[in-house]
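Examination of the molecular architecture
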Amino acid sequence: MTLPALQNTGVFYRRILSQFPQDISLAFAYGSGVFKQHGTSQGQMEKNMLDFVFAVDDPVTWHTMNLLQNRKHYSILKLVGPTKISSIQNDHGASVYYNTLVPVDGRIIKYGVISTDSLIDDLMHWKTMYVAGRLHKPVKMLVQSENGKLRAALVSNLKSAVTASFLMLPESFTEEDLFLQIAGLSYAGDFRMVIGEDKSKVVNIVRDNIQHFRILYSNILQDCSQVVYKPAQGKLEVDKSPEGQFIQLMALPRTLQQRITKLVDPPGKNRDVEEILLQVAQDPDCGAVVQQGISSIVKSSSITQTIKGIATAGLWKSVSYSSKKLMKMWKGWRRKPSVSQLS
């Protein structure tokens, strides 16, 4: 199974990509500048910043070439050179280096660079859920290499999102319920949702993009033995027995299992993971424990990546970017949409 591209790459995106070094294993565009979100007109959408992530096999070489081609994209950190920039990228925050508020072809863009190995690690194990979380939602795939490990990791990440969501949902639910749960995974525990993000963001992402979510997840849902999926009615029923929940818990990414273990196991007891997850599977609050585990991953990476972002963007760009986020939060607060409006 391959990750479906939502539509053919347009000339516009190819023009933007052509301005960067071409040694990219995966490139995608995401966010409100790419997919329409509820309450946003086409005109507003075209003014929104375009967000990109580029996965590269060799960050030092890629940054060396990009500094030659696009030196102005970098903050004062350009003075430390490509090796140090790659070290900052790999060793701090969520292993992503962002250049933001970059003018390209009449649009303002932000792009993050991550090593292919770090991306695979996040997709498979949810080490930070930073890029993995963005890939839980529809994105516009622009480049996807024939790297078999990367392709398998992309699918594994989607399956993990479904499994984690099953554990937090009741026995019966709708497609919308599932997609809202999935879209919200990477915002659980994100301190930016307290200040700096529109509170109705998850609803806005899902509301106008149900079909895109179906394209992304329908094959996984139809192949999953843990769920009865009725696409015609848009309804699902999941196995909530202790045995069913144990199977789901055992299928979760490694980092999440470790976080759950840390939450449940008293210090010094040192039981094995399987024993602890068996206990969690029988707990009426199993879903809440999973939610706490996810929140602990997201909270940590969102704080450290944001601190890193101040250095990689530079102070002026950081202030400018933050003010735009606060304005979106204010507009969302004034609209005050509720989940009940989904129906």
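Residues numbered from 1 in each chain as written. Predicted model: local features only at pLDDT ≥ 70, side-chain atom pairs only at ≥ 80, totals over all residues. Heavy atoms only, no water.

1. What about unusual backbone geometry?
Glycine aside, negative phi is the norm for most residues, and most peptide bonds take the trans geometry. Phi angles above zero are rare outside glycine, and Ser 95 is one such case at about 65°. Along the chain, Ser 95 falls in the loop between α4 (82-91) and β3 (96-104). According to the relative accessible area criterion, Ser 95 is buried, its value standing at 13%. For Trp 126, which is not glycine, the phi dihedral falls at a positive 55°. (Helix = DSSP H or I, 4+ residues; strand = E, 2+ residues; numbered from the N terminus. Buried < 20%, exposed > 50% of the residue type's maximum accessible area, 1.4 Å probe, protein only.)

2. Considerations on the sheet that holds strand β6 (residues 172-174)
Here we have three strands laid out as an open sheet, ordered β6-β8-β7, and antiparallel in their pairing. Every other strand in the sheet has two partners, leaving β6 and β7 (227-230) as the edge strands with one partner each. Taken pair by pair, the neighbouring strands of this sheet meet at an average axis angle of 20°, ignoring direction. Inspection of the sheet shows β7 paired to strand β8 (residues 235-238) by four bridges, in the antiparallel sense. Residue pairing for β8: Tyr 229 is matched across the bridge by Leu 236. (Pairing = 2+ DSSP bridges. Axes fitted to C-alpha atoms, helices over the stretch in contact; angles between N-to-C directions.)

3. What to know about helix α13 (residues 273-281)
Buried residues of α13: Ile 276, Leu 277, Val 280 and Ala 281, and no others. Each buried residue of α13 sits inside an arc of 140° when the element is viewed along its axis, so together they form one side. N-capping of α13 is provided by Asp 272, with a side-chain oxygen placed 3.2 Å from the backbone N of Glu 274. (Arc of directions from axis to C-beta. Polar contact = N/O pair within 3.5 Å; in protein donor to acceptor, adjacent residues only side chain to side chain.)

4. Comments concerning the nonpolar core
Formed by 69 residues in total, the largest nonpolar core has its most connected members in Tyr 217, Leu 249 and Ile 294. If one sorts the elements of this core by residue count, helix α7 (residues 148-168) sits on top with 10 residues. Each residue touching Leu 249, except ones within four places of it in the same chain, is listed here: Leu 167, Gln 257, Ile 260, Leu 277, Val 280, Ala 281, Cys 286 and Val 290. (Core = buried A, V, L, I, M, F, W, Y, C linked by side-chain atoms within 4.5 Å. Contact = heavy atoms within 4.5 Å.)

5. Regarding the side chain of Arg 107
Positionally, Arg 107 belongs in strand β4 (residues 107-115). The exposure class assigned to Arg 107 is buried, which follows from its relative accessible area of 14%. At a separation of 3.0 Å, a polar atom in the side chain of Arg 107 contacts the main-chain carbonyl oxygen of Asn 48. Residues contacting Arg 107, with those up to four places away along its chain left out, are Phe 12, Gly 33, Met 45, Glu 46, Asn 48, Leu 50 and Val 102.

6. A closer look at the packing of helix α8 (residues 175-184) against helix α10 (residues 210-223)
Here α8 crosses α10 at 95°, and the two axes come no closer than 11 Å. As summarised for this structure, α8 and α10 are arranged roughly perpendicular, according to the angle between their axes. Here Glu 175, Glu 176, Leu 178, Phe 179, Ile 182 and Ala 183 of α8 lie close against α10, whose contacting residues are Ile 210, Phe 213, Arg 214, Tyr 217 and Leu 221. The class makeup of the residues in the contact of α8 with α10 is eight nonpolar, no polar and three charged. (Parallel < 35°, antiparallel > 145°, perpendicular 65-115°, else oblique. Nonpolar A, V, L, I, M, F, W, Y, C, P; charged D, E, K, R; others polar.)

7. What to know about the sheet that holds strand β5 (residues 140-144)
In a beta sheet, neighbouring strands pair by backbone hydrogen bonds and run either parallel or antiparallel. The strand order β3-β4-β2-β1-β5 describes an open sheet built from five strands, whose pairing is mixed. With one partner strand each, in any of the chains shown, β3 and β5 form the two edges of the open sheet. Each strand axis lies, on average, 20° off the axis of its neighbour in the sheet, ignoring direction. For strand β1 (residues 26-30) and β5, the ladder comprises four bridges, and the chain directions are antiparallel. Paired with Ala 27 across the two strands is Val 143, which belongs to β5. Docked against the sheet, helix α5 (residues 116-125) engages β1, β2 (50-56) and β4, running at close to 85° with respect to β4.

8. Overview of the packing of helix α12 (residues 254-264) against α13
It is at 10 Å that the axes of α12 and α13 come closest, and there the two elements cross at 70°. Between α12 and α13, the crossing angle belongs to the class labelled roughly perpendicular. From α12, Gln 257, Ile 260, Thr 261 and Val 264 reach across to α13, where they touch Val 273, Ile 276, Leu 277, Gln 279 and Val 280. Residue classes in the contact of α12 with α13 are distributed as six nonpolar, three polar and no charged.

9. Thoughts on the confidence of the model for the protein
On average, residues of the protein score 87 in pLDDT, and 85% of them are at 70 or above. Contacts for the low-pLDDT stretch residues 4-9, under 50 throughout, to residues beyond four places or in other chains number 14 contacts. Contacts of residues 337-343 to residues separated by more than four positions or lying in other chains number 10 contacts, the stretch itself having pLDDT below 50. (pLDDT = per-residue confidence, 0-100.)

10. Some words on the pattern of salt bridges
All chains considered together, the criterion is met by seven salt bridges. For Glu 175, the salt bridge is made with Arg 214, and the minimal N-O distance between the two is 2.7 Å. Taken together, the positions of Glu 175 in helix α8 and Arg 214 in helix α10 put the pair 39 residues apart, joining distant regions of the chain. (Salt bridge = Lys/Arg side-chain N within 4 Å of Asp/Glu carboxyl O.)

11. A word on the packing of aromatic side chains
Here the structure, examined in full by the defined rule, presents 13 aromatic pairs. Consider the rings of Phe 12 and Tyr 13, whose centres lie 5.3 Å apart with planes at 70°: the pair is edge-to-face. Between the aromatic rings of Tyr 13 and Phe 52, the centroid separation amounts to 6.3 Å while the plane-to-plane angle is 70°, which identifies the pairing as edge-to-face. Linking Tyr 13 in helix α1 (residues 11-17) with Phe 52 in strand β2, this pair joins segments that are 39 residues apart in sequence. By relative accessible area, Tyr 13 is classed as buried at 10%. In this structure an aromatic cluster arises from ring pairing among Phe 12, Tyr 13, Phe 20, Phe 52, Phe 54, Trp 62 and Tyr 111. Above the face of the Tyr 98 ring, Lys 110 is positioned so that its terminal group lies 5.0 Å from the ring centre. (Phe/Tyr/Trp six-rings, centres within 6.5 Å; stacked < 30°, edge-to-face > 60°. Lys NZ or Arg CZ within 6 Å of the ring centre and 35° of its normal.)

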